[in-house]
Amino acid sequence: MRIITIIMAAGWLTTQAFGNMPSSDSWPMWRGSPALEGVASVELADKLDLLWSTPLKGAVKATASILSNRIYTATTAGIVAALQTDGGKIVWTNDVGAGVDGPVLVLDGAVYVGGSDGNLIALEAETGKLKWKYETGGKILGGPNYIRRPETKDTVILVGSYDNCLHGVNAASGEKVWVFESGNYINGSPAVAEEKVIFSGCDAVLHVLDGATGAEVLSADAGAYVAGSPAISGKQVFFGNYESAVLAVDLTKGSNLWTYADAGGPFFSTPAVTDKHIIIGSRDKSVHCLDRVTGKPVWTFATKGEVESSPVVNGKRVVVGSTDGRLYLLDLLSGKEVWSYEIGSGIDSSPALINGLLVIGANDGRVYGFGKKPLAPSKKK
């Protein structure tokens, strides 16, 4: 494992306000917020019921977004769909012509997805009709994020591509705002920390860009190529790499805080970050919980399959899927299994949570809704 080195450039703010926890009735994007922290403001019951499942064409590897009583998701067969939160009934579908592996973003009345054909696509959230299509030079595997530019008062959609570039696209028009070229493929989603855009990829470099211009203001050695996405909390960024390590970087001091290198497989998962813990899935078939300050292991939970799903923290619990076909609810402090459900088909997507509802997709082409069934009324004698 190489030691991280940071190259500082002018323009990095000494104080940043990173991320916002999503509201209890919405999960508008992967990981809940632009900082990709993976922390929900709701708590799940310790035992959940399957409320409904909705079949779609193609595997559901995309993580859903939830807003205004609708669930938005996509499939590897190119189907983008809106479902009702109550019952999972399909509201609309749109065949966008190419598979969608990455998460779905819902923002300002539009749904954004990236396709395997290299197109970033914007649809009307209400109807599913095409708004615009922006072409990159390679396939898109990660999900879009966004940044609002205070000076120009516009919104820029951010997406990485296998053309080695991170693209900033005007949310209203679909026109290019800026393009930053990295040294290799970009697999994951960029994270947003106030006015900065942070990502990594197969060039094994952590990049920090000015969100307004796309100019690089900081770079760091990521140790190996990064297949997942970074998560930002406070003034720190956390991510896993392909050489089975998790790294923590201080974004203001320009230093490597710690490296955890005891996992038995590469990380394709993105960590959930709390004030005390870092929780991330690994291809070593385990979920790892680390101390946020020291990087030392707190607990490890073993599944029977690789864990590419990214965990979500909800109160004292962690929810995550595995390619073993199970959805797990774990105790945050001990890592012990509280509840699990056997879907029977691999889970690569990550959970989306709102009050009373957990939504996740599986490789069997179904979207699943979990919660607590209402108690049946008692019969009077």
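This text follows the structure it describes.
Residues numbered from 1 in each chain as written. Predicted model: local features only at pLDDT ≥ 70, side-chain atom pairs only at ≥ 80, totals over all residues. Heavy atoms only, no water.

**Q** Mind showing me how you'd approach the sheet that holds strand E10 (residues 119-124) here?
**A** Sheets are built from strands paired through backbone hydrogen bonds, the pairs being either parallel or antiparallel. In space, the four strands of this open sheet follow the order E8-E9-E10-E11, with antiparallel pairing throughout. Looking along the sheet, the strands with just one partner apiece sit at the ends: strand E8 (105-107) and strand E11 (130-135). The mean inter-strand angle of the sheet, taken between neighbouring strand axes irrespective of direction, is 20 degrees. When strand E9 (residues 110-114) meets E10, the two strands line up antiparallel, connected through five bridges. By the bridge assignment for E10, Gly114 is matched with Leu120. (Pairing = 2+ DSSP bridges. Helix = DSSP H or I, 4+ residues; strand = E, 2+ residues; numbered from the N terminus. Axes fitted to C-alpha atoms, helices over the stretch in contact; angles between N-to-C directions.)

**Q** Even after reading the chapter, I still don't get the packing of aromatic side chains, so can you show me in this structure?
**A** Evaluated as defined, the whole model comprises twelve aromatic pairs. Seen from their ring centres, Phe238 and Trp258 are 6.1 Å apart, and the 40 degrees between their planes marks the pair as tilted. Of this pair, Phe238 sits in strand E21 (residues 236-240) while Trp258 sits in strand E23 (residues 255-260), and the two are 20 residues apart along the sequence. Aromatic rings pair up to connect Trp339, Tyr341, Tyr368 and Phe370 into one cluster. Sitting over the face of the ring of Trp30, Arg31 holds its NZ or CZ atom 5.7 Å from the ring centroid. Positioned above the aromatic ring of Phe268 is the side chain of Arg283, whose terminal nitrogen or guanidinium carbon lies 3.5 Å from the ring centre. (Phe/Tyr/Trp six-rings, centres within 6.5 Å; stacked < 30°, edge-to-face > 60°. Lys NZ or Arg CZ within 6 Å of the ring centre and 35° of its normal.)

**Q** Hey, could you run me through the side chain of Asp163 in this one?
**A** Relative to the elements of secondary structure, Asp163 occurs in the loop between strand E13 (154-160) and strand E14 (165-170). Here Asp163 occupies a buried position and makes no salt bridge, while the nearest side chain of opposite charge, Lys176, is found at 10 Å. Looking at Asp163, its side chain comes within polar contact range of the main-chain nitrogen of Cys165, at 2.9 Å. What Asp163 contacts, discounting residues up to four positions off in sequence, is Thr136, Gly137 and Gly138. (Buried < 20%, exposed > 50% of the residue type's maximum accessible area, 1.4 Å probe, protein only. Lys, Arg positive; Asp, Glu negative; His and termini not counted. Salt bridge = Lys/Arg side-chain N within 4 Å of Asp/Glu carboxyl O. Polar contact = N/O pair within 3.5 Å; in protein donor to acceptor, adjacent residues only side chain to side chain. Contact = heavy atoms within 4.5 Å.)

**Q** Any chance you could explain the pattern of salt bridges here in plain terms?
**A** Two side chains of opposite charge can pair, provided their charged atoms sit close to one another. Taken as a whole, this structure holds nine salt bridges when the rule is applied. Of the charged contacts, one joins Arg149 and Asp154 as a salt bridge, the two residues approaching to 2.7 Å between their closest N and O atoms. For the residue pair Arg149 and Asp154, the accessibility class agrees, reading buried in each case. The partner of Glu306 in a salt bridge is Arg283, and the shortest N-O contact between them spans 3.8 Å. On the criterion of sequence distance, the pair formed by Glu306 in the loop between strand E27 (297-302) and strand E28 (312-314) and Arg283 in the loop between strand E25 (277-281) and strand E26 (286-291) is long-range, its members being 23 residues apart.

Spatial relationships are all this shows, so hold off on functional conclusions.
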